[in-house]
Amino acid sequence: MKALIVYGTRYGSAAEISQEIGNVLRKENVEVDVVDSRGLKKFDTSSYDLVVLGSGIKVGSWTKSALKFIENHQNDLEDKKVALFVSCIANRDEKLLKEAQEKYLDDVADKYLTNPPVASGLFGGVINPNGKFGLMDKVILKMVKKDLESKGIDTSKPYDTRDWDQIHKWAQDLIN
Ligand SMILES: Cc1cc2nc3c(=O)[nH]c(=O)nc-3n(C[C@H](O)[C@H](O)[C@H](O)COP(=O)(O)O)c2cc1C
């Protein structure tokens, strides 16, 4: 079996998750390629049985390059197993989680995929107060931090809501 993992990332989290999914699949003797969607135009997906597509979320959106990849390969993906995942911090709260599942995963699947995905994973994300952010990001980040602090979360340290056991299990289930 051969798997392709294509991700979009702004701060590195979806890239780390992609590498980890790749590691799980390789342990099961799957041949895996992990590719950053940035700058990618046309990619030959013909040899892959499974394609995992993922992105970090910023202000409710996937990265442009990850969405472009899906758009540009819509026909190629038709006859493959396709799985979607996102990295975001909406998994910190049940209500946000439900909304995020619909908006970041179900809506994207409906809009871009011909067939429903075999799996969709809403994984956590990271807010790193020491990260490099542009002006707009800083403004948004201020609001995010305020919300986290109101819930007693210390935002002076990196806040990481990723559950690696969940990610490992999700990856494992892709081939079972
Ligand atoms: C400016 C900014 C906006 C964000 N917007 C959202 C959001 O709308 N929803 C969400 O759940 N998480 C949001 N996050 C959290 C990110 O999804 C989290 O940092 C994730 O790890 C990003 O993945 P990436 O590093 O692969 O880009 C935001 C983070 C930043 C810095």
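Residues numbered from 1 in each chain as written. Predicted model: local features only at pLDDT ≥ 70, side-chain atom pairs only at ≥ 80, totals over all residues. Heavy atoms only, no water.

## Some thoughts on the domain arrangement of the chain
The parts lose accessible area when they come together, and the size of an interface is often stated as this lost area.
Piece 1. Here the chain is partitioned into domain 1 (2-125 + 161-174) and domain 2 (129-158).
Piece 2. Between the C-alpha centres of domain 1 and domain 2 there is a distance of 25 Å.
Piece 3. Counting the surface lost from both domain 1 and domain 2, the interface buries some 450 Å², and carbon and sulfur atoms represent 61% of this.
Piece 4. Contact with domain 2 buries area across many residues of domain 1, yet Tyr11, Ile89 and Arg92 alone supply 68% of it, more than any other trio.
Piece 5. Our count for the contact surface shared by domain 1 and domain 2 stands at two salt bridges.
Piece 6. Between aspartate 137 and lysine 58 there is a salt bridge, and its shortest N-O distance comes to 2.7 Å.
Piece 7. The tally of links from domain 1 across to domain 2 stands at three residue pairs in polar contact (both at pLDDT 80 or more).
Piece 8. A class-by-class count of the residues in the side of domain 1 that touches domain 2 yields three nonpolar, no polar and two charged. (Domains from an automatic or database assignment. Buried area = accessible area lost by both parts, 1.4 Å probe. Salt bridge = Lys/Arg side-chain N within 4 Å of Asp/Glu carboxyl O. Polar contact = N/O pair within 3.5 Å; in protein donor to acceptor, adjacent residues only side chain to side chain. Nonpolar A, V, L, I, M, F, W, Y, C, P; charged D, E, K, R; others polar.)

## Description of the site of the ligand
Piece 1. Close contacts around the ligand come from 23 residues, with Thr9, Arg10, Ala14, Ile57 and Val126 the closest.
Piece 2. One of the backbone N or O atoms of serine 87 is found 3.3 Å from an oxygen atom in the ligand.
Piece 3. At 2.5 Å, a backbone N or O of valine 126 approaches an oxygen atom of the ligand.
Piece 4. Considered on its own, the ligand offers 630 Å² of accessible surface; in the complex 94% of this is hidden by protein.
Piece 5. Among the cavities detected, the one that contains the ligand is the largest pocket.
Piece 6. Elements with a minimum of two residues in the shell around the ligand: helix H1 (13-27), strand S6 (126-127) and helix H5 (135-150).
Piece 7. When grouped by side-chain class, the residues that make up the shell around the ligand number 13 nonpolar, seven polar and three charged.
Piece 8. A domain-level breakdown of the shell around the ligand finds at least three residues from each of domain 1 (2-125 + 161-174) and domain 2 (129-158). (Near = heavy atom within 4 Å. Areas by Shrake-Rupley, 256 points an atom, 1.4 Å probe, with all protein chains shown as cover. 1 Å grid on protein atoms, 1.4 Å probe; cavity = no way out; pocket = protein on both sides within 12 Å on 5 of 7 lines; lining within 4 Å. Sits in = over half its atoms within 2 Å of the grid points. Helix = DSSP H or I, 4+ residues; strand = E, 2+ residues; numbered from the N terminus.)

## Some words on the pattern of salt bridges
Piece 1. Using the criterion set out here, one finds 11 salt bridges in the structure.
Piece 2. Glutamate 16 serves as the salt-bridge partner of arginine 162, at 2.7 Å between the closest nitrogen and oxygen. Note that arginine 162 is positioned in the loop between strand S7 (159-160) and helix H6 (164-174) and glutamate 16 in helix H1, a separation of 146 residues in sequence.
Piece 3. Of the residues examined, glutamate 16 reaches a relative accessible area of 42% and is grouped as partly exposed.
Piece 4. A salt bridge links glutamate 71 to lysine 68, with the shortest nitrogen-to-oxygen separation between them at 2.9 Å. Here glutamate 71 and its partner lysine 68 are both found in helix H2 (residues 64-72), three residues apart, which amounts to about one turn of the helix.
Piece 5. Take glutamate 71: its relative accessible area is 36%, and that puts it in the partly exposed class.
Piece 6. With relative accessibility at 45%, the residue lysine 68 sits in the partly exposed group.
Piece 7. Within the structure, one salt-bridge network assembled from shared partners comprises Glu16, Asp160 and Arg162. (Buried < 20%, exposed > 50% of the residue type's maximum accessible area, 1.4 Å probe, protein only.)

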